[in-house]
Amino acid sequence: MVIQAYLAGMGIFANASWLKDHSGLGWELAQLSILMLILLFLSRFPRRIILLHLLLIVDVIFQVGLVSFLRPFKNAALTALHPANALLLFGIATFLAYSVLKWMRSTRQARSG
């Protein structure tokens, strides 16, 4: 996520060609999140974690849509939600990571204790 923010900043303040890297990494992260969802199902994670990951994927799709699909309408107020939604994505991803870590710790304690 920090790399995405850096690439976006370089695209805005240095050279617009950096936005291609920002976009490419965004698509790769979206594909990776779908692969991770498959692995979550195979690993039998709790429903709460799977649902949080689904929420993350839905928000990633929304994030891509803010730029890819709304740009042709030339509505800056809508496309400007892209960086604001990035903060929401970061929050969801952080909460998801915390939830997975908490679940893994509780599972490990149940096995050893």
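Residues numbered from 1 in each chain as written. Predicted model: local features only at pLDDT ≥ 70, side-chain atom pairs only at ≥ 80, totals over all residues. Heavy atoms only, no water.

1. Observations concerning the nonpolar core
Nonpolar side chains tend to gather and get buried jointly when the protein is soluble and globular. Formed by 14 residues in total, the largest nonpolar core has its most connected members in L40, F45, I49 and L96. Taken together, the elements giving at least two residues each to this core come down to helix 2 (18–43), helix 3 (47–68) and helix 5 (81–112). Tallying contributions element by element places helix 3 first for this core, with six residues. The contacts of L96, once residues within four sequence positions are left out, are I49, L52, H53 and L56. (Core = buried A, V, L, I, M, F, W, Y, C linked by side-chain atoms within 4.5 Å. Buried < 20%, exposed > 50% of the residue type's maximum accessible area, 1.4 Å probe, protein only. Helix = DSSP H or I, 4+ residues; strand = E, 2+ residues; numbered from the N terminus. Contact = heavy atoms within 4.5 Å.)

2. Structural notes on the confidence of the model for the chain
A residue-level look at the chain finds 99% of positions with pLDDT of 70 or above and a mean pLDDT of 90. For the chain, helix 4 (residues 76–79) is the element with the lowest average pLDDT, namely 85, and helix 1 (residues 2–13) is the one with the highest, namely 93. (pLDDT = per-residue confidence, 0-100.)

3. So, the packing of helix 3 against helix 5
For the pair helix 3 and helix 5, interaxial distance at closest approach is 10 Å and the crossing angle is 165 degrees. Put simply, helix 3 runs roughly antiparallel to helix 5. Crossing geometry of helix 3 relative to helix 5 is assigned as left-handed. (Axes fitted to C-alpha atoms, helices over the stretch in contact; angles between N-to-C directions. Parallel < 35°, antiparallel > 145°, perpendicular 65-115°, else oblique. Left-handed = near helix turned anticlockwise from the far one by under 90°.)

4. Concerning the packing of helix 2 against helix 3
Relative to each other, helix 2 and helix 3 sit at 160 degrees, their axes nearing to 10 Å. When the axes of helix 2 and helix 3 are compared, the pair comes out roughly antiparallel. Relative to helix 3, the crossing made by helix 2 is left-handed. Of the residues in helix 3, those touching helix 2 at W27, A30, S33, I34, M36, L37, L40 and F41 are I49, I50, H53, L54, I57, V60, V64 and S68. Of the residues in the contact of helix 2 with helix 3, the class split is 13 nonpolar, three polar and no charged. (Nonpolar A, V, L, I, M, F, W, Y, C, P; charged D, E, K, R; others polar.)

5. A word on the layout of surface pockets
The calculated volume of the largest pocket comes to roughly 1,100 Å³. For the largest pocket, the lining is made up of 34 residues, of which Q4, H22, Q63, H82 and A86 are closest to its centre. With 11 residues, helix 2 is the largest single contributor of residues to the lining of the largest pocket. Here the residues of the lining of the largest pocket are counted per class, giving 23 nonpolar, 10 polar and one charged. (1 Å grid on protein atoms, 1.4 Å probe; cavity = no way out; pocket = protein on both sides within 12 Å on 5 of 7 lines; lining within 4 Å. Points joined across faces, edges and corners; volume = space filled by probe spheres on them.)

6. Section: helix 3
In a regular helix each residue adds 1.5 Å, so 22 residues correspond to 32 Å; helix 3 covers 31 Å between its end C-alpha atoms and thus fits that length. Listing the buried residues of helix 3 in full gives I49, I50, L52, H53, L56, I57, D59, V60, Q63, V64, G65 and L66. Buried residues in helix 3 make contact with helix 2, helix 4 and helix 5. (Expected span 1.5 Å × (residues − 1).)

7. Considerations on helix 2
Residues lying three or four places apart along an α-helix face the same way, a consequence of the helix completing one turn every 3.6 residues. Across its 26 residues, helix 2 extends 37 Å between first and last C-alpha, which sits within 8% of the 38 Å expected from 1.5 Å per residue. For helix 2, every residue scored as buried is listed here: H22, G26, A30, S33, L37 and L40. Next to the buried residues of helix 2 lie helix 1, helix 3 and helix 5. R44, located one to two residues past helix 2, shows a positive phi value of around 60 degrees.

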